[in-house]
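Letter by letter, the chains look like this.
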Amino acid sequence: MEQTLYIDKHLPLVEACRRGERKAQYEIYRLYAKSMYNVAVRIVNHNGEAEDVLQDAFLDAFQKIHDFRQTSTFGAWLKQIVINRALNQLRNRKVQLVDIDESLDISDEESYDEESLNYDIQRVQHAIQQLPDGFRTVICLYLLEGYDHEEIAEVLGIAESTSRTQYIRAKKRLLEILKN
């Protein structure tokens, strides 16, 4: 299968980083730090840990910049490093996502009047922060980062059914929090 090379508007900066130019590294950091921090904080749900994740991810990226092959944009490549670092941070906290028996019937029948809920962005962000780590991780990867359940299962080392179950339960719990 042929890999597509992406033309990235920041490629000259990436090339300068490959040559070890500090100004280019600073500029890459300046361009991506805020958005990558937001990715990290959504997963680890702690500002200090998200800052650590961000710093470690940038160090990894700059040390491994020669591995960047342009099969995606630099931002997408960096985001994957940030997500992996954030997930490692959760693992270090001993967050356990347990496989759930597939025969378990998870009913999503209890309905909520979703339109009547106030979906103020700050309320939703606050509600997501209140979710247990496992729920928050799956819902963030699925809804905010665009991973599908197969990818989430692979990244977290869980069954795909567990990812789906965690998502359903997280969504239900999120709606309950928002309803109150």
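So, a few notes on the structure that sits alongside this text. (Residues numbered from 1 in each chain as written. Predicted model: local features only at pLDDT ≥ 70, side-chain atom pairs only at ≥ 80, totals over all residues. Heavy atoms only, no water.)

**Thoughts on the overall build of the protein**
From N to C terminus, the protein includes eight helices and zero strands. Ordered by position from the N terminus, the helices and strands of the protein form the series α-α-α-α-α-α-α-α. A sequence separation of at least 24 residues applies to 73% of the contacts in the protein between residues at least 6 apart. Total accessible area on the protein is roughly 11000 Å²; 47% of this is exposed by carbon and sulfur atoms. (Helix = DSSP H or I, 4+ residues; strand = E, 2+ residues; numbered from the N terminus. Contact = heavy atoms within 4.5 Å. Areas by Shrake-Rupley, 256 points an atom, 1.4 Å probe, with all protein chains shown as cover.)

**Side note on helix α6 (residues 133-144)**
Taking 1.5 Å per residue, twelve residues should reach 16 Å; α6 reaches 15 Å between its end C-alpha atoms and fits that length. The set of residues buried in α6 consists of Gly 134, Phe 135, Arg 136, Thr 137, Val 138, Ile 139, Cys 140 and Leu 141. The first or second residue beyond α6 is Gly 146, which carries a positive phi of 80°. (Expected span 1.5 Å × (residues − 1). Buried < 20%, exposed > 50% of the residue type's maximum accessible area, 1.4 Å probe, protein only.)

**Quick notes on the pattern of salt bridges**
On inspection of all chains with the given rule, the structure shows ten salt bridges. In this structure, a network of salt bridges that share partners links the residues Arg 42, Lys 79 and Glu 145. (Salt bridge = Lys/Arg side-chain N within 4 Å of Asp/Glu carboxyl O.)

**Quick look at the packing of helix α1 (residues 11-18) against helix α2 (residues 22-44)**
For the pair α1 and α2, interaxial distance at closest approach is 8 Å and the crossing angle is 135°. Classed by the angle they form, the pair α1 and α2 counts as oblique. α1 and α2 meet at a crossing whose hand is left-handed. Each of Leu 13, Val 14, Ala 16 and Cys 17 in α1 lies in contact with α2, whose residues at this interface are Ala 24, Gln 25, Glu 27, Ile 28 and Leu 31. Among the residues making up the contact of α1 with α2, the classes are represented as seven nonpolar, one polar and one charged. (Axes fitted to C-alpha atoms, helices over the stretch in contact; angles between N-to-C directions. Parallel < 35°, antiparallel > 145°, perpendicular 65-115°, else oblique. Left-handed = near helix turned anticlockwise from the far one by under 90°. Nonpolar A, V, L, I, M, F, W, Y, C, P; charged D, E, K, R; others polar.)

**Topic: unusual backbone geometry**
Outside of glycine, negative phi angles account for most residues, and trans bonds account for most peptide bonds. Phi is positive for Asn 45, which is not a glycine, with a value near 60°. Among the structural elements, Asn 45 can be located in the loop between α2 and α3 (47-63). Residue classification places Asn 45 among the partly exposed residues on the basis of a relative accessible area of 25%. With a phi angle near 60°, Gln 70 is a residue other than glycine that sits in the positive phi range. For Gln 70, the location among the structural elements is in the loop between α3 and α4 (74-92).

**Quick look at the packing of aromatic side chains**
Evaluated as defined, the whole model comprises seven aromatic pairs. Aromatic side chains Tyr 29 and Phe 58 sit 4.7 Å apart centroid to centroid with 55° between the ring planes, which places their arrangement in the tilted category. Taken as a pair, Tyr 29 in helix α2 and Phe 58 in helix α3 lie far apart in primary sequence, 29 residues in all. Ring centres 4.5 Å apart and planes at 50° place the aromatic pair Tyr 142 and Tyr 167 in the tilted group. Of the two residues, Tyr 142 sits in helix α6 while Tyr 167 sits in helix α8 (residues 160-179), which places them 25 residues apart along the sequence. Owing to a relative accessible area of 30%, Tyr 142 belongs among the partly exposed residues under this scheme. Using a relative accessible area of 14% as the deciding quantity, one classes Tyr 167 as buried. Feature note: the residues Tyr 32, Phe 68, Phe 74 and Trp 77 constitute an aromatic cluster, connected by ring pairs. (Phe/Tyr/Trp six-rings, centres within 6.5 Å; stacked < 30°, edge-to-face > 60°.)

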